[in-house]
Amino acid sequence: SFFASRETVWAKLVRNRFNTKTASCGAKAHGGPTWKYAYMQMSHTNRIPKCRHTSNKNIIFAKGGGRRQSGPVSVWVLLGHTDNCETRRHVANSTIYTNSRRNRFVNLHVCLQNVKSSGVAVVDVLSSTLELIDVGIGGVQGWPQIIYHGSKQTKCPNADTEGVHILNPFEFIIVCLKFDVGDDEKETDFLARALSLRVPVESYRYPVHSSKEKERETHTATAMFQ
């Protein structure tokens, strides 16, 4: 029937955007009487896509996007915890430590997803910034580490630097970003002072190598700490 065919389309959208299984459970298990309603509910709450790194035991400390005016990329921030819940210490002889007045850092696991069903987004994770109370805005230390990517292609083929990645429609990536946190020894101290994480984004209606400059738009994917 027409209704059944539409439900099949919405179930596929739920599966593609939120990376969840739809064959083994119905729409009610995803928050709605129909797949269309379930999709709209999860989209409205900006639900993070599922994978082994985003299970229920992994707390989301900041998120942003999911709104029409916020651009094509949603962002979620999780913390790479240590066993003793303390922030990490730079190695004394490392380049990062030598070039920084701060000796402690955290690893943030940042999930970025192109939530649009058309067009591509290019995220520059190396240019991400973190804002902290009493510290200001700081950049990424070292090189981003890819934790998860559903595609074999993880870097923009036309990028001049590392840390720039293409996201096709509904595609998401999780990267580990290292940020200085001043003298905060506890993760809770850092979280109490964290304000926002920002990631530069470019979106294209045509492929990235298109020469049509008017089809390129710039955005900033912003996650606000709660």
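Not measured: the values here are computed from a predicted model.

Q: In this structure, what is going on with helix α2 (residues 35-44)? I would like to understand it.
A: Because the α-helix completes a turn every 3.6 residues, residues three or four places apart line up on one side. All of the buried residues in α2 are Trp-35, Ala-38, Tyr-39, Met-42 and Ser-43. The buried side chains of α2 occupy one side of the element, clustering within an arc of 125 degrees when seen end-on. Backbone geometry just after α2 places Asn-46 at a positive phi near 55 degrees.

Q: Just to check I follow, could you spell out the environment of Cys-85 for this structure?
A: Within the secondary structure, Cys-85 sits in the loop between β2 (73-79) and β3 (88-89). For Cys-85, a relative accessible area of 42% puts it in the partly exposed group. When the C-alpha atoms of Cys-85 and Glu-187 are compared, they prove to be 5.7 Å apart, with 102 residues separating the residues in sequence. Setting aside chain neighbours within four positions, we find Cys-85 in contact with Lys-186 and Glu-187.

Q: Looking at this model, I keep getting lost on the packing of aromatic side chains. Mind explaining?
A: When we look at a pair of aromatic rings, we describe it by the centre distance and by the angle of the planes. The final tally for this structure, using the stated rule, is four aromatic pairs. Consider the rings of Trp-10 and Tyr-39, whose centres lie 5.5 Å apart with planes at 55 degrees: the pair is tilted. Note that Trp-10 is positioned in helix α1 (residues 2-18) and Tyr-39 in helix α2, a separation of 29 residues in sequence. Judged by relative accessible area, Trp-10 falls into the buried class, the value being 18%.

Q: Looking at this structure, how should I read the pattern of salt bridges?
A: In a structure, side chains of opposite charge can pair up when their charged atoms sit close to one another. Tallied over the full model, the rule gives four salt bridges. Note that Glu-131 is salt-bridged to Arg-198, the shortest N-O span being 3.5 Å. Residue Glu-131 is found in strand β6 (residues 129-132), and its partner Arg-198 is found in strand β11 (residues 194-204); the two are separated by 67 residues along the sequence. Exposure remark for Arg-198: the relative accessible area of 32% places this residue in the partly exposed category. Here Glu-202 and Arg-216 are joined by a salt bridge, their closest N and O atoms 3.1 Å apart.

About the criteria used
Residues numbered from 1 in each chain as written. Predicted model: local features only at pLDDT ≥ 70, side-chain atom pairs only at ≥ 80, totals over all residues. Heavy atoms only, no water. Buried < 20%, exposed > 50% of the residue type's maximum accessible area, 1.4 Å probe, protein only. Helix = DSSP H or I, 4+ residues; strand = E, 2+ residues; numbered from the N terminus. Arc of directions from axis to C-beta. Contact = heavy atoms within 4.5 Å. Phe/Tyr/Trp six-rings, centres within 6.5 Å; stacked < 30°, edge-to-face > 60°. Salt bridge = Lys/Arg side-chain N within 4 Å of Asp/Glu carboxyl O.

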